[in-house]
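# Notes for the structure review
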Amino acid sequence: MEKYMDYVLEQTKKVLSIDSPTGYTKDAADYVMSAYEALGYHPVKTVKGGVLVEIGGEDEKDAILLEAHMDTLGAMVREIKGNGRLKLSPLGGMNPNNAEAENCRIITRFDGKYEGTFQLENASIHVNGEYNDTKRSYDNMEVVLDENVTSEEETRKLGIMEGDIVAFDPRTTITEKGYIKSRFLDDKLSVGILLGFAKFLKEEKITTKRKIYHHITVYEEVGHGACGTVPEGVTEILSVDMGCIGDTLQCNEHQVSICAKDSVGPYNYEVVTNLIKAAKEHNIDFAVDVYPHYGSDADAALEAGYDCRHGLIGAGVYASHGYERSHVDGARNTLELLKAYLV
């Protein structure tokens, strides 16, 4: 699988470079469609805007649906202030503490994009005596536009209006030691991994015993990414998302995490057991964890009423929903587990 890792990292960086806050994902979906097409597949765009791909395989009555999501955290303009700056409303769980001082883009509906920075109001510590003690919230933070505007009227003349999407810089870098650092590794790293798995199956001319579908969803960050689009014959849904890292958990950035339970409840016992068995038999570096504050596309599908087994795996990602960090090893082990489990 090593020869496919360069492709995984290349695709991860390309998808990360495309702004796709939840609710504004067309550009990313178009790119992902083209990536699957370049591999020789025939993806379709779902009504909601996701990408569904039949990867191949024999048993279509016991098919498996692999899901990752390309929507990310972001924000939306909720108010244009009297001084021309912007108040925001978050899209997904974008924490204002993590977003402070980040560069961003305002994507207008008809008048292009504008740049700015998300700052605390009165952000100069040499002026604001309460700077250190001020709790960061969307009520006391603002986008300072990189435009010469000082009034609401001047900002509106640019074409900026309430409801415009705000995308934050991912700041993607891969270090010499193999650490992958970026916003939105949740879950664009997994999109790269699934593309790598699709490339592996195609180029190695592998036909799996079970039919495999990929679904790259677009509303995971707000809870309904996979509430539809489960093809007939699918009996199992496996979310390929980020693995959690933190206190009380075993996973690190070099491992693939197998989730036994999240905030919604336990994953299917048979699926979790078989994932662990595959990892052990193939000497894959893995951890099994319980995630205290987490929900997945697989959860959403079951909550929507689909009668399927479900599971969740993913490369270990530190500082989730912030400036995240994983490692090439974690992506590789996730790819290896997919191979071990399905091939």
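Shown above is the structure to which this text applies.
These remarks concern the structure in this document. (Residues numbered from 1 in each chain as written. Predicted model: local features only at pLDDT ≥ 70, side-chain atom pairs only at ≥ 80, totals over all residues. Heavy atoms only, no water.)

### Describing the pattern of salt bridges
Worth spelling out the cut-off: Throughout this description, the term salt bridge denotes a Lys or Arg side-chain nitrogen within 4 Å of a carboxyl oxygen of Asp or Glu. Secondary structure is summarised from DSSP: a helix means a run of H or I of at least four residues, a strand means a run of E of at least two, and numbering begins at the N terminus for each. To sort residues, take the accessible area from a 1.4 Å probe on protein chains only and compare it with the maximum for the residue type: under 20% means buried, over 50% means exposed, and anything in between is partly exposed.
If you walk through the whole model with that rule in mind, you get 27 salt bridges. We note a salt bridge from Lys 81 to Glu 121, for which the minimum N-O separation is 2.8 Å. Linking Lys 81 in the loop between β4 (74-80) and β5 (86-91) with Glu 121 in the loop between β7 (113-120) and β8 (141-145), this pair joins segments that are 40 residues apart in sequence. Lys 81 gets classed as buried once you look at its relative accessible area, which sits at 13%. Taken together, the shared-partner salt bridges connect Lys 81, Arg 85, Lys 87, Glu 121 and Glu 142 into one network.

### A look at helix α8 (residues 328-342)
Think of an α-helix as turning once every 3.6 residues; residues three or four places apart then point the same way. Which entries qualify depends on this criterion: The span you would expect from a helix comes to 1.5 Å times its residue count less one.
If you check α8, its first and last C-alpha atoms are 21 Å apart, about what 15 residues at 1.5 Å a residue would give, namely 21 Å. Burial analysis of α8 places 11 of its 15 residues in the buried class, the great majority of the element. When we look at burial in α8, the residues that qualify are Val 328, Gly 330, Ala 331, Asn 333, Thr 334, Leu 335, Leu 337, Leu 338, Ala 340, Tyr 341 and Leu 342.

### Description of the packing of aromatic side chains
So the rule is basically this: For this analysis, a ring pair means two rings from Phe, Tyr or Trp (six-membered ring only for Trp) whose centres lie within 6.5 Å, classed as stacked if their planes differ by under 30 degrees, edge-to-face if by over 60, and tilted for the remaining angles. By the criterion adopted, a ring carries a charge over it if an Arg CZ or a Lys NZ lies within 6 Å of its centre and within 35 degrees of its normal.
A complete count under the given rule lists six aromatic pairs for this structure. Considering the side-chain rings of Phe 118 and Phe 168, the 5.9 Å spacing of their centres and the 75° angle between planes classify their relative orientation as edge-to-face. Here Phe 168 lies in strand β9 (residues 165-168) and Phe 118 lies in strand β7, a separation of 50 residues in the sequence. The class of Phe 118 is buried, set by a relative accessible area of 0%. Judged by its relative accessible area of 1%, Phe 168 falls in the buried class. Following the ring pairs from residue to residue traces out a cluster consisting of Tyr 4, Phe 197 and Phe 200. The ring of Tyr 131 carries Arg 136 above its face, with NZ or CZ at 4.6 Å from the centroid.

### Let's talk about unusual backbone geometry
Look at the link from Asp 186 to Asp 187: it is a cis peptide, with omega at 10°. Take Asp 187: it is sitting in helix α5 (residues 185-203). Its identity as a non-glycine residue notwithstanding, Asn 122 has a phi of 55°, on the positive side. Relative to the helices and strands, Asn 122 is located in the loop between β7 and β8. The backbone of Ala 319 sits at a positive phi, close to 65°, despite the residue not being glycine. Secondary-structure assignment places Ala 319 in the loop between β17 (309-317) and β18 (324-327). Under the relative-accessibility criterion, Ala 319 is labelled partly exposed at 29%.

### Examining the sheet that holds β18
What counts here: Should DSSP find at least two bridges between two strands, the strands are taken to pair.
The sheet built from three strands is open, its strands ordered β10-β11-β18 with antiparallel pairing. Two strands close off the open sheet at either side, each with one partner strand: β10 (173-174) and β18. Note that β10 and strand β11 (residues 179-182) share two bridges and pair antiparallel. Looking at the pairing, Ile 174 lines up with Ile 180 of β11.

Keep in mind that these numbers describe shape and distance, not what the molecule does.
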